[in-house]
Amino acid sequence: MSELNATDGAHDGPDEANPLEQSTITMLDVLEQEKELEDEYAAVLGGSDEKSCTYGKGAIGRQALYSCLTCCPEAREDLDKAAGVCLACSYRCHEHHELVELYTKRNFRCDCPTQRLGKCSLNPQVEGVQPRNVGNLYNQNFQGLYCKCKRPYPDPDRTVEEVMLQCAICEDWFHLPHMKAPGASEKWLDVCSEMICDGCMDAKPFLKDYTGLALQHVVEDVKEAKPEAEDNQLKNELDRSICDIMKVPEGESQPGEGEPSQKRAKLEDCRRPRPAKEHQGAAFWTNDWRKSLCQCSECLSLYKELAVEFLLDAEDSAKTYEERGMKRAEENSSYEQGIRALASIDRTQQIDAITEYNRMKDKLKEYLQAFAASKKVVTEEDINRFFAGMRNENNANLGQPYFCR
C-alpha cells in the first residue's frame, strides 16, 4: 500500500498513466504468464494420468515418460539396464530421484513394478516383482542423450538456445544442423506437423514416395539449365502426366497387353505415389499427411514388415496427444478462473491483489535463494511451510489499523 501511495505522489500531471490501469494490466500479465505455464504443462502432461500407475493398462498408445538414473545407474553405459516410468510413478515412487524427462513415447508400459526397477507403491495389488515388458523399446534418450551428437539436453556446454525436433518414427530428438536436410530452415519448424529424420527415411524407403506431401525447398535459379536437360525434363513430366491420366505406372504396359487381370487390379488399387526424383535427407511433413498413406493389402504388409503400422493410427501423433491434453486442461484452467475473478472485483481490490502477489513473489524468491545457496532440494514440505508462514503473517496483520487512500 505504502509503495503505491508513494508512487502516486511522485508523479503528478495529466501525462502520467493511471496507476489503476497499470495495476490491471500487470494483473493480466500475471494471468498470461500463468496461462503459458499451464499450456506447456498440459501439452506434455495433460494427456497422462498423474495419480494412477499405468502398468495395469498395458502398453499405452502415447504417454509422458521418465527414465530413472537413480534406480538404474548402469543404464548410463548399458541401455539394456534402462527403465521408463509413467507420470504418476515419477511423482510417487521416484520423487527426488535423478529423472530424465523423455517427453512422450508410444506403446510403452510402465517399468516400475517390473524386474527393471522393483516394487511399485502405486500397485499394492500386484504380488511380487513382475517380468520385464518385452514390448518396450529403449533408445539413447533413456540415458539422457539425444541427437547424432549424443549430448544431453539442456547441454551445459552450449551458450546459445538449442532447438530440437522429435522424429515421428524413432522418437529420438535432433538438432536441425546435425541432420541431413537439404534446404531445410528453422522457419519450417513453425509450420511442419511432424518430422522424420534422415536415418529413418533411409530405413523406411517407401516414405520417400510420399514426400510430395512434405515441405519442399524452393529452387529459384533454374534458368541456367541446359536446353537438352530441359527437353528431357519436359519429356519425363509429359510421360508422367499421361501415365497419371491412364492410371498406368511408368514403364508398365497398357492393360490388356498380356498382363494378368489380377495384377492389373492390384496396381490400380494401390495409391502409393511415384515421385519424379528420390528424396534425400529428413522430411518435414504438413498436417494430415498420414491420411494419404495407401492402405492396399501390399502396403499394409509393408508397414507391418517395417514395424510402422502406428502411422495409420490417427491418435498416435505427438500433436494429437498435445491437443488432447490441452482440451482436458481447459476445463480447469487457472487463467480462465483468474479472468473471471478479475472481472468480479473493483480496481482498488485489483491493486490490493497484485500488491499481495508481488509481496509473495519477492518473499518466495528470498526463501528459495537459501536452498540454492546450500544446494538443498526443495521438498513439498518446504513449500507448505512457506505458505503456512505467509498465512500466519497475514492473520497477524488483521488487527492492525487500515487507512484508505
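Engineer: Even after reading the chapter, I still don't get the environment of proline 182, so can you show me in this structure?
Structural biologist: Tracing the chain through its elements places proline 182 in the loop between β5 (173-175) and β6 (194-196). For proline 182, a relative accessible area of 52% translates into the label exposed. Expressed as a C-alpha distance, the spacing of proline 182 and alanine 283, which sit 101 residues apart in the sequence, is 9.7 Å. Every residue in contact with proline 182, bar those within four places of it in the chain, is listed here: His217, Gln280 and Gly281.

Engineer: I would appreciate a short explanation of the sheet that holds strand β1 (residues 60-68) in the present structure.
Structural biologist: Strand-to-strand pairing in sheets goes through backbone hydrogen bonds, with the strands running parallel or antiparallel. Read across the sheet, three strands follow the order β2-β1-β3 without closing on themselves; strand pairing throughout is antiparallel. Each edge of the open sheet carries a strand with a single partner, namely β2 (84-86) and β3 (99-108). Recorded for the sheet is a direction-independent mean angle of 45 degrees between the axes of neighbouring strands.

Engineer: Looking at this structure, how should I read the state of the cysteines?
Structural biologist: By definition, a disulfide links two cysteine residues through a covalent bond between their sulfur atoms. With the rule as written, the count across this model stands at zero disulfides. Free of any disulfide, cysteine 68 has its nearest cysteine sulfur in cysteine 71, 3.5 Å distant. Cysteine 86 supplies the cysteine sulfur nearest to cysteine 110, a cysteine that is in no disulfide, at a spacing of 3.8 Å.

Engineer: Would you mind going over the pattern of salt bridges with me for this structure?
Structural biologist: Between side chains of opposite charge, a pair can form when the charged atoms approach closely. Applying the stated criterion across every chain yields a total of 19 salt bridges. In this structure, arginine 158 engages glutamate 162 in a salt bridge whose closest nitrogen and oxygen atoms are separated by 3.0 Å. Judged by relative accessible area, glutamate 162 falls into the buried class, the value being 11%.

Engineer: What am I meant to see in the side chain of glutamate 162 here?
Structural biologist: Note that glutamate 162 resides in the loop between β3 and β4 (164-166). A polar contact of 2.9 Å, which involves the side chain of glutamate 162, links it to the side chain of histidine 175. In contact with glutamate 162, not counting residues within four places along its chain, are Tyr153, Pro154, Asp155 and His175.

Engineer: I keep staring at the confidence of the model for the chain and nothing clicks. Help me out?
Structural biologist: If pLDDT is low for a region, its predicted coordinates should not be looked at in detail. When pLDDT is averaged along the chain, the result is 78; 69% of the residues meet or exceed 70. Here residues 1-12 is modelled with pLDDT under 50, and outside its nearest four sequence neighbours on either side it reaches ten contacts, counting other chains as well.

Engineer: I tried to follow the side chain of threonine 54 on my own but got confused; where do I start?
Structural biologist: Looking at the element boundaries, threonine 54 is found in the loop between α2 (19-45) and β1. The class of threonine 54 is buried, set by a relative accessible area of 5%. Side chain to side chain, threonine 54 and glutamine 63 meet in a polar contact 3.1 Å long. If near-sequence neighbours (up to four positions away) are discounted, threonine 54 is found in contact with Ile60, Gln63, Cys86 and Cys110.

Engineer: Explain the pairing of β1 to me, please; I cannot follow it from the model alone.
Structural biologist: Successive residues of a regular strand alternate their side chains across the two faces of the sheet. Across the nine residues that make up β1, a large majority, eight, are buried. Pairing analysis gives seven bridges linking β1 to β3, with the strands arranged antiparallel. Its bridge partner lying in β3, serine 67 is registered against valine 100. Here three bridges tie β1 to β2, and the two strands are oriented antiparallel to one another. Note that in β2 the partner of tyrosine 66 across the bridge is valine 85.

Reading the values: the criteria
- Residues numbered from 1 in each chain as written.
- Predicted model: local features only at pLDDT ≥ 70, side-chain atom pairs only at ≥ 80, totals over all residues.
- Heavy atoms only, no water.
- Helix = DSSP H or I, 4+ residues; strand = E, 2+ residues; numbered from the N terminus.
- Buried < 20%, exposed > 50% of the residue type's maximum accessible area, 1.4 Å probe, protein only.
- Contact = heavy atoms within 4.5 Å.
- Pairing = 2+ DSSP bridges.
- Axes fitted to C-alpha atoms, helices over the stretch in contact; angles between N-to-C directions.
- Disulfide = S-S within 2.5 Å.
- Salt bridge = Lys/Arg side-chain N within 4 Å of Asp/Glu carboxyl O.
- Polar contact = N/O pair within 3.5 Å; in protein donor to acceptor, adjacent residues only side chain to side chain.
- pLDDT = per-residue confidence, 0-100.

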